[in-house]
Amino acid sequence: MADKKVWTATGRRKQSVASARLTLGKGNITVNGRDVNEYMPYTTLVQDIKQPLVATNNEDKFDIEITAKGGGFSGQAGATRLAITRALLEFDANTDQSREDSYRKILKSQGFVKRDPRVKERKKYGLKKARRAPQFSKR
């Protein structure tokens, strides 16, 4: 039997790292060996993960295996979305990128291709958090 074609990519967000493996299939998404609806506590995070697939009309075309590490659920969802986006771009790499229906144009116009650079700011000495100063007392 011939090997199945696999497209892989990595995404990052905050402290989370996610790697996605796309194979042709029926649209099943598993995160760390569990179904995505079972793993993610909120449906909005599941919708966030599926956004690149919905934008390119591939909800039922790929089976996706995701390995997510670090951070919380929100960061893992963002990292997963970027990983899926990059894997879709790898899948569509052989088509003409100047066409209007190329995945790159569709995904870039919706802002999925760029990594979200926002991370937690470091704590400074003399302060309670990054910017929160101790309460001032006049007397």
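Higher on the page you've got the structure.
Residues numbered from 1 in each chain as written. Predicted model: local features only at pLDDT ≥ 70, side-chain atom pairs only at ≥ 80, totals over all residues. Heavy atoms only, no water.

## Details of helix H2 (residues 43–55)
Filter applied, for reference: Strands are runs of DSSP state E lasting at least 2 residues, helices are runs of H or I lasting at least 4, and numbering of each runs from the N terminus. Every helix has an expected span of 1.5 Å times one less than the residues it contains. When accessible area is computed with a 1.4 Å probe and restricted to protein chains, residues below 20% of their type maximum are described as buried, those above 50% as exposed, and intermediate ones as partly exposed. Only heavy atoms enter the contact rule, under which two residues are in contact if any of them lie within 4.5 Å.
Relative to the 18 Å expected for 13 residues at 1.5 Å per residue, H2 spans 18 Å between its end C-alpha atoms, a close match to the ideal helical length. Of all the residues in H2, the buried ones are Leu 45, Val 46, Asp 48, Ile 49, Pro 52 and Leu 53. Lining the buried residues of H2 we find strand E3 (29–31), helix H1 (36–39), strand E5 (62–69), helix H3 (73–91) and helix H4 (103–109). Positive phi shows up at Asn 57, right after H2, with a value of about 55 degrees.

## What to know about the side chain of Thr 23
With respect to the element layout, Thr 23 can be found in strand E2 (residues 16–24). The contact partners of Thr 23, leaving out residues within four places of it in the chain, are Lys 5, Val 6, Lys 61, Phe 62 and Asp 63.

## Brief notes about the nonpolar core
Put simply, the rule reads: Remark: nonpolar core denotes a set of buried residues (Ala, Val, Leu, Ile, Met, Phe, Trp, Tyr, Cys) joined through side-chain atoms within 4.5 Å.
Residues Leu 22, Met 40, Ile 64, Ile 66, Ile 84 and Leu 88 are the most contacted members of the largest nonpolar core, which totals 29 residues. Those elements giving two or more residues to this core turn out to be strand E1 (6–13), E2, E3, H1, H2, E5, H3 and H4. If we skip the residues at most four places from it in the chain, Ile 66 touches Ala 18, Ser 19, Ala 20, Ile 29, Thr 30, Val 31, Asn 32, Thr 80 and Ile 84.

## Topic: the sheet that holds E1
Inclusion rule: Any two strands with at least two DSSP bridges between them are considered paired. As a rule, the C-alpha atoms of each element are fitted with a line to give its axis, helices using only the stretch in contact, and angles between N-to-C directions run from 0 to 180 degrees.
Here we have five strands laid out as an open sheet, ordered E1-E2-E5-E3-E4, and mixed in their pairing. Every interior strand has two partners, whereas the edge strands, E1 and strand E4 (34–35), have only one. Pairing between E3 and E5: three bridges, direction parallel. Bridge pairing links Ile 29 to Ile 64 in E5. H3 contacts E1, E2 and E5 of the sheet and is inclined by roughly 145 degrees relative to E1.

## Quick notes on the packing of aromatic side chains
Geometry of an aromatic ring pair is reported as the spacing of the ring centres plus the angle between the planes. This is how it is decided: Pairing of aromatic rings covers Phe, Tyr and the six-membered ring of Trp, with a centre-to-centre limit of 6.5 Å; geometry is then stacked below 30 degrees between planes, edge-to-face above 60, and tilted otherwise.
Evaluation of the coordinates by the stated rule reveals five aromatic pairs. Arranged with centres 6.0 Å apart and planes meeting at 80 degrees, the rings of Trp 7 and Phe 62 form a pair that is edge-to-face. Here Phe 62 lies in strand E5 and Trp 7 lies in strand E1, a separation of 55 residues in the sequence. Members of the aromatic cluster, joined through ring pairs, are Trp 7, Phe 62, Phe 91 and Tyr 103.

## Let's talk about the packing of H2 against H3
The condition that has to hold: For classification purposes, an angle smaller than 35 degrees is called roughly parallel, one larger than 145 roughly antiparallel, one from 65 to 115 roughly perpendicular, and anything else oblique. Put simply, Ala, Val, Leu, Ile, Met, Phe, Trp, Tyr, Cys and Pro go in the nonpolar bin, Asp, Glu, Lys and Arg in the charged bin, and everything else, Gly too, in the polar bin.
Here H2 crosses H3 at 10 degrees, and the two axes come no closer than 8 Å. On the basis of their axis angle, the class for H2 and H3 is roughly parallel. Along its contact with H2, which presents Leu 45, Asp 48, Ile 49, Gln 51, Pro 52 and Leu 53, the element H3 presents Phe 73, Ser 74, Ala 77, Gly 78, Thr 80, Arg 81, Ile 84, Thr 85 and Leu 88. For the contact of H2 with H3, the class distribution of residues is eight nonpolar, five polar and two charged.

Interpretation in functional terms is not warranted from these geometric data alone.
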